[in-house]
Amino acid sequence: METTPTPDRVRVTSSRRGAVPPGSRPVSRELDEQTALGDVYLDGLLRAQLRLSLLVLSLTVLGLAALPLVLVLVPTTQGTALFGIPSPWLVLGVAVYPAAWVLARWYARQSERLEADFADVVEEP
Amino acid sequence: MSQPLSLVAVVLVCLTTLAVGGLGLRLSRRTSDFYVAGRTVSPRLNASAIGGEYLSAASFLGVAGLVYGSGVDMLWLPIGYTLGYLVLLVMVAAPMRRSGAYTLPDFAEARLGSRAIRLVSSVLVVAIGWLYLVPQFQGAGLTLTLVTGAPQWVGGLVVMVVIAAAVGAGGMRSITFVQAVQYWVKLTALAVPAFVLLFLWFRAGHPAPVVPPEWHSPLRTGAPDDHTLYRTASTVLALSLGTMGLPHVLVRYYTNPDGVGARRTTVTVIALLGTFYLLPPVYAALGRVVYPTLPDGVRQDSIVLRIPGELAGGLGADLLTAMLAGGAFAAFLSTASGLAMSVTGVIDQEVLRPRLARLTGGDAPAVRGFRFAAVAAVVLPYLLSRAIEPLGLATTVGLAFAVAAATFAPLIILGVWWRRLSTTGALAGVLTGGTATVAALGTTMLRGDLGGWVGALLANPALWAVPLAAGTAVAVSLLTPGRVPATTTRTMVRLHTPERIALARSRVRD
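**A closer look at the overall build of chain B**
The helix and strand tally for chain B stands at 22 helices and zero strands. For 510 residues, the compact-globule estimate of 2.2 N^0.38 gives 24 Å, and chain B sits close to it at 23 Å. In terms of overall dimensions, chain B has C-alpha extents of about 70 × 55 × 45 Å along its principal axes. Per-residue burial over chain B gives 60% buried out of 510 residues. Intrachain contacts of chain B at a sequence separation of at least 6 include 85% that bridge at least 24 residues. Within the structure as shown, chain B displays about 18,500 Å² of accessible surface, and the carbon and sulfur contribution to it stands at 68%. Where the 37 positive side-chain charges of chain B centre and where its 20 negative ones centre are 13 Å apart.

**Some details on the interface of chain A and chain B**
Taken together, the contacts link 45 residues of chain A with 48 residues of chain B. At the boundary of chain A with chain B, total buried surface from both sides reaches about 4,100 Å², with 71% on carbon and sulfur atoms. Here chain A and chain B share seven salt bridges between them. Our count for the contact surface shared by chain A and chain B stands at ten residue pairs in polar contact (both at pLDDT 80 or more). Listing elements by their share of the side of chain A that touches chain B, those giving two or more residues are α1 (27-32), α2 (36-73) and α4 (87-123) of chain A. When residues in the side of chain A that touches chain B are grouped by element, the largest group, 23 residues, is from α4 of chain A. For the side of chain A that touches chain B, a count of residues per class yields 28 nonpolar, eight polar and nine charged.

**Concerning the nonpolar core**
All names here are of chain B. Ranked by internal contacts, the top residues of the largest apolar core, which has 175 residues, are Tyr54, Tyr81 and Tyr85. Sorting elements by how many residues they give to this core places helix α18 (residues 393-417) first, with 19 residues. Those residues in contact with tyrosine 81 that sit more than four places away from it in its chain are Tyr54, Ala58, Ser59, Val63, Leu239, Thr243, Leu273, Tyr277, Ala394, Val397 and Phe401.

**Focus: helix α14 (residues 280-290) of chain B**
Across the eleven residues of α14 of chain B, nine count as buried, placing the element largely inside the fold. Of the residues making up α14 of chain B, those classed as buried are Pro280, Pro281, Tyr283, Ala284, Leu286, Gly287, Arg288, Val289 and Val290 of chain B. Residues of α14 of chain B that are buried make contact with α4 of chain A together with α4 (57-70), α10 (176-203), α13 (259-276), α15 (303-311) and α16 (314-360) of chain B.

What counts as what
Residues numbered from 1 in each chain as written. Chains lettered and ligands numbered in written order. Predicted model: local features only at pLDDT ≥ 70, side-chain atom pairs only at ≥ 80, totals over all residues. Heavy atoms only, no water. Helix = DSSP H or I, 4+ residues; strand = E, 2+ residues; numbered from the N terminus. Rg over C-alpha atoms; globule rule 2.2 N^0.38 Å. Buried < 20%, exposed > 50% of the residue type's maximum accessible area, 1.4 Å probe, protein only. Contact = heavy atoms within 4.5 Å. Areas by Shrake-Rupley, 256 points an atom, 1.4 Å probe, with all protein chains shown as cover. Lys, Arg positive; Asp, Glu negative; His and termini not counted. Charge placed at Lys NZ, Arg CZ, Asp CG, Glu CD. Buried area = accessible area lost by both parts, 1.4 Å probe. Salt bridge = Lys/Arg side-chain N within 4 Å of Asp/Glu carboxyl O. Polar contact = N/O pair within 3.5 Å; in protein donor to acceptor, adjacent residues only side chain to side chain. Nonpolar A, V, L, I, M, F, W, Y, C, P; charged D, E, K, R; others polar. Core = buried A, V, L, I, M, F, W, Y, C linked by side-chain atoms within 4.5 Å.

In structure tokens, the structure reads:
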């Protein structure tokens, strides 16, 4: 008579790893329910976004103020021309637009990254 | 000057607009059709639509006219028009999309929970919309007079009737695709003649434009009390803040799928506008080649349409003029219909529908009120356009931007970023900014530019009126902490939390 070898005893437990420990829940619920904790996170996001926005705006204002200032303070720049077009026209009529676009694109990417980081943090259980 | 080809182009553009309006009647029965489109419109298509609606008579004719007249300093106008979208991008694009608001009054009411602020916003939408419609009618009159010799009032009347019909039919606005095509139509209609004319000019031995030296120098001070620097700075501020407060701009943001989409759309809009604005200076310079000084009885704004006749001859000139005239009409019609749609919506919703319901006990079909509102929305600005004829196109558009910058811009920016904004504060800010700007601009329009500092401050109020409005809103809000809406935090969570985070309570379903 052949007996099947009895398998080794295995301890069967329910794994609690990955389960939500009692008392902890994602911050997104705190946000949703407008608790004090959610408020702290919201403030952080608001401040980060606003800082980025104000950075872009101040770069714009600086750039705009610098354009005429350089043209007026360094009169030789006004005399220079490319393909017969005087430099003030090239700067104010052409160069401004790609610069604005590059700045806008950079902002959009940065702000998407901020939001992605924020989402990662608040969705973590 | 009578040009049958140009007339054909104008008629064709008008008929297409009407046909599209009729098509819209079949395709879009409910506002929800517009909402549903929001799920599928890609940033690139939506950006073309925004560009198509935004580039108006002022951009198509006015900018070239001003640059022709005053030189390099006028390039600040298209810069301001474009920067408006940069400011919009960094301050409000994504939060506006997430707010779920469809119009500015909707946003104001949702954020501040007050009927009063809704009412004030509605009045402002109508006022700004009307101010912006005026130059569209003027541009149409000017174009039609030039190409057919018809009296000045005819062109405006044609545009008025066409947009009243198109808006009354219920279409136009909801068809993103058509507005998107409009951008490319306008760009082509301005770019192709520009290249042909440049070629002709080059072949003619590229004579230099005849200009006084100050035409080339930026921020020159002509008279000692001209205050060019102040005026320029104030104008650029008005244009770059005013864009977000224009009634036909925000609505387009609703078709973005989400906040990220709204930002990407805006980035593309900046590229499209930048491309378009490379062209008006070309016309201004060519204008200086053919007309060293403005001939008697010729309006600066018509310079774009006159160049082909001077540089080319015969059928070629007629074709180019026809192309420009058609493009110009496309500009008037697309901007005007977008504006008329916004104004009509407000008049219908706030004024006519409640009255009509009370009078008839809810029996009248809603669409009749809407059509009546569409007529009301365009007749008044048309009459106004006859009254303030002499102002240039870009100047009149500037008035609308100035009012929007001193009212809606502080309201929206504070509403999006500042939690302590109270209902009373917002109301006080908007009323202060609006009253100050309207009083200043009204004085300038009635009495003419007074000259000196007084004249400069009154003609370009943005640089003091915007801080005044924002300051009032902040000060009054701090004094009335009890009037901060209880829903503020929930609204802020909704405005700023990315869509991928699931929010059961704070998110609006749309």
